[in-house]
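Structural characterization, general
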Amino acid sequence: MNGQPPITLITRWYGVFVVEGERVIDSISFPEDPGEIAGRLKALSEGKILEEERELAGRHHPVGVTEERLTSLGPLVETAGAEIPPAVLSSAPDPSLLHQALLEEGRERLGGIRRDELLIQAVSAYEEMNRVCNLMYERLREWYGIHGHRLVNRVSPEKLAELVGVYGSVDDIRANTSIDVEKTASLPGEDLAAISSFALTLREAQRERERLEKYITRLMGEIAPNLSAVLGPILGARLISLAGGLERLASMPSSTVQVLGAENALFLHLKEGRRPPKHGIIFQHSYIHDSPPWQRGKIARAMAGKISIAARVDAATGRDISRELREEMERRIGEIREKYPSPPVKPSGAKGGKKRRGRGKGKKGGGKNGRGGGGR
Amino acid sequence: MRPLSVLPRVFEDGQRLYTLSLAPGWSVYGERRVSRRGKEYRHWSPWRSKLAAYLTLGGRFGGKRIMDEGASVLYLGAASGTTVSHISDMVPEGRIYAVEFSPRTFRGLLDVASVRDNVFPLMEDARHPERYGPVVGEADVLYQDVSQRDQIDILMSNARYLRPGGTGLLALKARSMDISLSPREIYQRAADTLIEGGFHILDHKELAPYQKDHAFFVIRKP
């Protein structure tokens, strides 16, 4: 072997070649059919070894290979690059064959739709419906308020849309329901009809929002039951959407998960040395936003940890460990609430110095730059 | 319409850039088409394509004609195929291997490829060039626009498919690399890494106002 020009195995999209120097000493061509070629390209892309490669490597025993993928067949002589012997290049069939094969292969790859892609679309649709409902409800309050101001503040948004949509005038509402309010000012039928029609559309939008919520809840139960249990289905879905998929969420460190959705604040921290964000979108969970400010960072950190575990289990196994996760999380949050019942005393901190970090003013002796390392 | 000397089938009319269409009658992304003497030209907007932005800002690859109509181009970060379609116009006898990993944009790329025989779509991760090696082989031009943190490493590992003397065109997005550094510093570091990696830098330009915090590098593999 030594001194001799080594023989190497070269794979192209149309066949496998055994090459000695510039000479092709053996080869197997792939069938000239787009489907056959597409299948082999898929295998190559997945890092598999083709039958043809195995066969030629068997025939020419010590054969050098030019790709990592093939190192089980022989020693890696050099990494495949642009240098392909002309004899190999000249045996290429018409490129339209490759074109066909790649189109086929591309379509097939797009065919495998991931469930979380549907989830991401659905949760975006939900958020949009939410905005639409709020906007239309605001308008309905003002508009209907001209006629029946009292009613507007007495019932829920859904009820208001329904009553106005179905009955229209305050008189008709009073006549048909047990709701008893007086009207503010009379309006001609034509004007009431316009408001009423708008209210019906709002009611339908609210129903769509409910349907989407149910759909998302169902989908989350299917693809991410643990995350759904820890964070709730909607918030969990939004987190998946922000991360760009369940896989990606699962592969993020939980410190990233903690601040997902607070990218602006995070970048200001990194760029300009402002204080780091304590929480991103998970702030919307009641555990955080209903807690006093000084507990929020700690709770966010604890939650992010559990969220990461939940997402990883969901992505990897689909096993349901939601009970344990929830219990552990609640226990930890209980601990935090018990341990830090009152706001931390500002600087001068003589007593609890070891627990309070971040500001670090007392220790650094008046250094005004005590905010940079506040993350820990 | 005057032809541009540094690229095949690219024209300017004093204001705008055009490519001579390979697939007359089709707009790829809603671009305007104009007919002159029986030929159809597609408007190539610097706002939509970084290569067009580079040319509009006066970039001419250091005066070198970097490809001809038979060139083979490896294009990383093909997205929906906007710039790809214009390069496809340039190389009727050549090929453009268009690598794009995101399924969402790959859909558009597939549409472009299905009406253009010289576009070869690859839904692959440019971080793993070995996965498309058997398809690509040797390229005259390596075009890269991937907006990833490790975009320089991606370029280096794909350069194995660039023939010696071939040209690399690199659209560098500073924001993707390190937001804590200024774009200038990032460009400088990128240039240093490229030179260390053995490339010659023929030209570079910042793409403002067409793109924010982007630079375009023209490099040559020795």
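One structure accompanies this document, and this report is about it. Everything quoted here is computed from the prediction, not taken from an experiment.

The rules behind each value
Residues numbered from 1 in each chain as written. Chains lettered and ligands numbered in written order. Predicted model: local features only at pLDDT ≥ 70, side-chain atom pairs only at ≥ 80, totals over all residues. Heavy atoms only, no water. Helix = DSSP H or I, 4+ residues; strand = E, 2+ residues; numbered from the N terminus. Rg over C-alpha atoms; globule rule 2.2 N^0.38 Å. Buried < 20%, exposed > 50% of the residue type's maximum accessible area, 1.4 Å probe, protein only. Contact = heavy atoms within 4.5 Å. Lys, Arg positive; Asp, Glu negative; His and termini not counted. Charge placed at Lys NZ, Arg CZ, Asp CG, Glu CD. 1 Å grid on protein atoms, 1.4 Å probe; cavity = no way out; pocket = protein on both sides within 12 Å on 5 of 7 lines; lining within 4 Å. Points joined across faces, edges and corners; volume = space filled by probe spheres on them. Nonpolar A, V, L, I, M, F, W, Y, C, P; charged D, E, K, R; others polar. Pairing = 2+ DSSP bridges. Axes fitted to C-alpha atoms, helices over the stretch in contact; angles between N-to-C directions. Parallel < 35°, antiparallel > 145°, perpendicular 65-115°, else oblique. Left-handed = near helix turned anticlockwise from the far one by under 90°. Buried area = accessible area lost by both parts, 1.4 Å probe. Salt bridge = Lys/Arg side-chain N within 4 Å of Asp/Glu carboxyl O. Polar contact = N/O pair within 3.5 Å; in protein donor to acceptor, adjacent residues only side chain to side chain. Core = buried A, V, L, I, M, F, W, Y, C linked by side-chain atoms within 4.5 Å. Domains from an automatic or database assignment.

**What about the overall build of chain B?**
Of the regular secondary structure elements, chain B holds seven helices and twelve strands. A globule of 222 residues ought to have a C-alpha radius of gyration of about 17 Å, and chain B, at 16 Å, matches this closely. Dimensions of chain B, computed from the C-alpha atoms along their principal axes, are close to 50 × 40 × 35 Å. Counting all 222 residues of chain B, 59% fall into the buried class. Pairs at least 24 apart in sequence give 59% of the contacts found in chain B among residues at least 6 apart. Looking at charge distribution, chain B has the averaged site of its 31 positive side-chain charges lying 5 Å from that of its 26 negative ones.

**Considerations on empty space enclosed by the protein**
One water molecule sets the probe size; rolling that probe over the atoms shows where empty space is left. Summed over all chains, the structure comprises one cavity of 30 Å³ or more. By volume, the largest cavity is sized at about 100 Å³. L102, E105 and R109 of chain A together with L122 and E124 of chain B are the residues nearest the centre of the largest cavity, which is lined by 13 residues in total. Mapped by element, the contributors of at least two residues to the lining of the largest cavity are helix 4 (95–111) of chain A together with strand 8 (119–122) of chain B. Ranked by residue count, the leading element in the lining of the largest cavity is helix 4 of chain A, at four residues. A class-by-class count of the residues in the lining of the largest cavity yields eight nonpolar, one polar and four charged.

**Concerning the sheet that holds strand 5 (residues 39–44) of chain B**
All names here are of chain B. Reading across the sheet, the five strands line up as 1-2-3-5-4 and stay open at both edges, with antiparallel pairing between neighbours. Every other strand in the sheet has two partners, leaving strand 1 (2–3) and strand 4 (33–36) as the edge strands with one partner each. Strand direction decides the pairing type here: strand 4 and strand 5, joined by four bridges, are antiparallel. Among the inter-strand pairings, V34 is bridged to a residue of strand 5, identified as Y41. Most of the contacts of helix 2 (residues 82–90) go to strand 5, to which it runs at about 145°, and overall it touches strand 2 (10–12), strand 3 (17–20) and strand 5.

**Comments concerning the sheet that holds strand 2 (residues 15–20) of chain A**
All names here are of chain A. Sheet architecture is open: four strands sit in the order 3-2-1-4, paired in mixed fashion. Two strands in the sheet have a free side with no partner beyond their single neighbour: strand 3 (23–29) and strand 4 (64–65). Pairing analysis gives six bridges linking strand 1 (residues 7–12) to strand 2, with the strands arranged antiparallel. Within strand 2, the position partnered with I10 by the bridge is F17. Helix 2 (residues 51–59) contacts strand 1, strand 2 and strand 3 of the sheet and is inclined by roughly 140° relative to strand 3.

**Here's the deal with the packing of helix 1 (residues 34–45) of chain A against helix 4 of chain A**
Residues and elements named next belong to chain A. Close contact between helix 1 and helix 4 brings their axes to 8 Å; oriented N to C, the two are set at 60°. By the angle between their directions, the pair helix 1 and helix 4 is classed as oblique. Of the two possible hands of crossing, helix 1 and helix 4 adopt the one that is right-handed. Where helix 1 abuts helix 4, its residues P34, G35, I37, A38, L41, K42 and S45 lie against L97, L98, Q100, A101, L102, E104, E105, E108 and R109. Of the residues belonging to the contact of helix 1 with helix 4, the class tally is eight nonpolar, three polar and five charged.

**Section: the interface of chain A and chain B**
Size of an interface, as often reported, equals the accessible area lost when the parts are brought together. Each side of the interface is counted separately: chain A has 25 residues, and chain B has 31 residues. Across the interface of chain A and chain B, roughly 2300 Å² is buried in total on both sides, 65% from carbon and sulfur atoms. The interface formed by chain A and chain B includes two salt bridges. With a closest N to O distance of 3.2 Å, R109 of chain A and E124 of chain B form a salt bridge. Summed over the shared surface of chain A and chain B, the number is nine residue pairs in polar contact (both at pLDDT 80 or more). Among the secondary structure elements, those contributing two or more residues to the side of chain A that touches chain B are strand 1, helix 1, helix 4 and helix 13 (263–272) of chain A. Per element, the largest residue contribution to the side of chain A that touches chain B is nine residues, and it comes from helix 4 of chain A. Of the residues in the side of chain A that touches chain B, the class split is 13 nonpolar, six polar and six charged.

**Notes on the nonpolar core**
With 66 residues, the main nonpolar core has Y144 and L249 of chain A as its most contacted residues. Broken down by element, this core gets its largest block of residues, 13 residues, from helix 5 (residues 115–152) of chain A. Each of domain 2 (116–221) and domain 3 (224–342) of chain A contributes no fewer than three residues to this core. Ignoring any residue separated from it by four or fewer positions in sequence, one finds L249 of chain A in contact with L227, L239, I240, A243, V257, L260 and A311 of chain A. Counting residues in hydrophobic clusters, the runner-up holds 62 residues, among them I10 and A43 of chain A together with L142 and A215 of chain B.

Worth remembering: the numbers are spatial, not functional.
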